[in-house]
Amino acid sequence: MTTENKTTTAKPSKAQALVAVKGMNDLLPPTSAQWEWLEEKVRGLMARHAYRNLRTPIVEPTALFVRGLGEVTDIVEKEMYSFEDRLNGEQLTLRPEATAGVVRAVVEHNMLYDGGKRLYYMGPMFRHERPQRGRYRQFHQIGAEALGFPGAEVDAELILLAATLWQELGLQDVRLELNSLGQPHERAAHRAALITHLEQHLDVLDEEAKRRLHSNPLRILDTKNPAMQAVVEAAPKLMDFLGEASLAHFNAVRAILDASGVTYRINPRLVRGMDYYNLTVFEFVTDRLGSQGTICGGGRYDYLIEQVGGKAAPAVGWALGVERVLELLKEQGSLPEAVGPDVYAIVPDAAALPVVFQTIQALRAQGVSVQMHAAQGAGGSENVGMGSMKSQFKKADHSGAEFALIFGEDELARGEVTLKSLRDGAGSQAAVPLIDVCACVAAKLAQGASLA
Ligand code: ATP
Ligand code: MG
């Protein structure tokens, strides 16, 4: 036994309760059921579009994000949780987004050897931001990525996929903003013109803009500073620097969206936070979540794979913020109600437990959800008993169950149980032979709550 494991006889003083890290939230029932509902919708939709699930580690080498996202992005400059592995000194980072990790995995496993891949992921991301509504330090993204496909049809497929998801979730008041960032040489020409323009208005630029003037002038267009709006408004537009091929790609995406009835607004100032985008970029935004109004963003990233060390291949994708999507659904009152189990098993006496288990296991095997009453509090049913009928019925009611199945001593002696409706107002009930319970419960559930 090591010294650390030695038990002490002294009574420990009451420890101070620990709380979660700021900006990182526990997800409790019944809210967690809404998350599961959303995730199920996404899985179904992804399957119907032939996107397959990819799961990458939450921790990646810091260099992946520095190289992939760009050194002068908000994320890399100030939002990453980075640390040194104490054991081997490696520089590691909790993933702030998942595209870089997806690309790393695709390259590492040579997944593009036989053509393009359509992938999706779900999971937590970490950014050191000021926590507020719709902005957390641990938040969750669902993302879709199509790698190895150069054509506008896949950009359109991904945008339609997201638009269909909003439809299937019943999400309203979301609009699509679309832009093209062109190719690197087109951006370079625009960038030079932009710097020249901004340099002519140095007096109105704020400190951040001045700092970014030569490192990331495109980001200045994203400013929320009202004093700079006029200068930003008058700045040269990237769209005017796009060549024929870039314009053709943009128009091809638009043509499919138009034909599919997806409405959008072209926003020439839409630039996105990461450096890796080219050609198509887009965001789905709402006015109903204050300044955290972007629920989903994405675009094409044809150069990222090469930048992360793979053989050059085109790619496009998006990521949505789960918290923001759910917040918007909640705001609209369109989140599904929490549902209780089908059946709550009332167990007046622990002696009935063998029969109870036999019966409820059979019910569960045929797909009925059953919550079994169990002794409450400390001490075990041997000591505290199963609780009064009254308290058990209270629990049954609180569970939201459709029916109570009562395993009373007298009924059991006759080879029966009582099935009682908890939802029909009248509390109608019927004696059911034990051997018929499965068939009877299935029939009642099919016909609705009433036993009348
Ligand atoms: P924002 O401009 O709101 O900071 P972003 O451009 O940094 O967003 P992306 O990196 O594009 O966001 O991530 C895609 C989506 O993930 C966002 O549209 C948003 O819904 C969600 N998201 C991003 N950061 C957070 C966060 N800190 N908390 C909650 N959701 C977030
Ligand atoms: Mg951000």
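What counts and how
- Residues numbered from 1 in each chain as written.
- Chains lettered and ligands numbered in written order.
- Predicted model: local features only at pLDDT ≥ 70, side-chain atom pairs only at ≥ 80, totals over all residues.
- Heavy atoms only, no water.
- Helix = DSSP H or I, 4+ residues; strand = E, 2+ residues; numbered from the N terminus.
- Buried < 20%, exposed > 50% of the residue type's maximum accessible area, 1.4 Å probe, protein only.
- Polar contact = N/O pair within 3.5 Å; in protein donor to acceptor, adjacent residues only side chain to side chain.
- Near = heavy atom within 4 Å.
- Areas by Shrake-Rupley, 256 points an atom, 1.4 Å probe, with all protein chains shown as cover.
- Nonpolar A, V, L, I, M, F, W, Y, C, P; charged D, E, K, R; others polar.
- Pairing = 2+ DSSP bridges.
- Core = buried A, V, L, I, M, F, W, Y, C linked by side-chain atoms within 4.5 Å.
- Contact = heavy atoms within 4.5 Å.
- Expected span 1.5 Å × (residues − 1).
- Axes fitted to C-alpha atoms, helices over the stretch in contact; angles between N-to-C directions.
- Phe/Tyr/Trp six-rings, centres within 6.5 Å; stacked < 30°, edge-to-face > 60°.
- Lys NZ or Arg CZ within 6 Å of the ring centre and 35° of its normal.

Caption draft 1: Representation of the side chain of His140. Tracing the backbone shows His140 in strand E6 (residues 138-147). Given the relative accessible area of 19%, His140 is considered buried. A polar atom in the side chain of His140 sits 2.8 Å from the side chain of Glu323.

Caption draft 2: Region of interest: the site of ligand 1. In the vicinity of ligand 1 lie 15 residues, with Arg127, Glu129, Arg135, Arg272 and Thr294 positioned nearest. With respect to ligand 1, the backbone of Ile295 contributes an N or O atom lying 3.3 Å from an oxygen atom. Here ligand 1 has 580 Å² of accessible area as a free molecule, and 88% of this is covered by the chains. Of all the elements in the fold, those that place two or more residues in the shell around ligand 1 are E6, strand E10 (294-300) and strand E11 (315-321). Here the element with the most residues in the shell around ligand 1 is E10; it accounts for 3 residues. Classifying every residue of the shell around ligand 1 by side-chain character gives 6 nonpolar, 4 polar and 5 charged.

Caption draft 3: How the structure looks around the sheet that holds strand E1 (residues 52-53). Here 8 strands make up an open sheet; going across it, the order is E1-E5-E6-E11-E10-E9-E7-E8 and the pairing mixed. Every other strand in the sheet has two partners, leaving E1 and strand E8 (265-266) as the edge strands with one partner each. Judged from the 7 bridges that link them, E6 and E11 form a sheet pairing that is antiparallel. Bridged to Ala146 within E11 is Val316.

Caption draft 4: Broad picture of the nonpolar core. Formed by 42 residues in total, the largest nonpolar core has its most connected members in Tyr51, Leu158, Trp166, Phe284, Trp318, Leu320 and Val325. Tallying contributions element by element places helix H5 (residues 152-169) first for this core, with 9 residues. Setting aside chain neighbours within four positions, we find Leu320 in contact with His140, Gln141, Ile142, Leu165, Trp166, Ile295, Cys296 and Val325. Ala100, Tyr136, Tyr277 and Val308 belong to the second-largest nonpolar core, a separate cluster that totals 34 residues.

Caption draft 5: Spotlight on H5. The terminal C-alpha atoms of H5, which comprises 18 residues, lie 26 Å apart, in line with the 26 Å expected from a rise of 1.5 Å per residue. Listing the buried residues of H5 in full gives Ala152, Val154, Asp155, Ala156, Leu158, Ile159, Leu161, Ala162, Ala163, Leu165, Trp166 and Leu169. Within two residues after H5, Gly170 carries a phi angle of roughly 80°, on the positive side.

Caption draft 6: Examining the sheet that holds strand E13 (residues 370-372) more closely. In space, the 5 strands of this open sheet follow the order E13-E12-E14-E15-E16, with mixed pairing throughout. Each edge of the sheet is formed by a strand with only one pairing partner; in this case those strands are E13 and strand E16 (429-433). Across the sheet, the mean angle from the axis of one strand to that of its neighbour is 25°, orientation sign disregarded. Inspection of the sheet shows strand E12 (residues 343-346) paired to strand E14 (residues 403-406) by 4 bridges, in the parallel sense. Opposite Ala345, over in E14, you have Leu405 as the bridge partner. Sheet strands in contact with helix H13 (residues 353-365) are E12, E13 and E14, and its direction is about 160° off that of E13.

Caption draft 7: Seen up close, the packing of aromatic side chains. Applying the stated criterion across every chain, the model contains 4 aromatic pairs. Centroid distance Tyr276 to Tyr301: 5.6 Å. Interplanar angle 55°. Geometry classified as tilted. In this pair, Tyr276 sits in the loop between E8 and strand E9 (278-285) while Tyr301 sits in the loop between E10 and helix H11 (304-307), placing the two residues 25 residues apart along the sequence. The residues Tyr276 and Tyr301 share a single accessibility class, namely buried. In textbook terms, an aromatic cluster arises when at least three aromatic residues are bridged by ring pairs, as seen for Trp166, Phe282 and Phe284. Between Arg118 and the ring centre of Phe149, over which it is positioned, the NZ or CZ distance is 4.7 Å.

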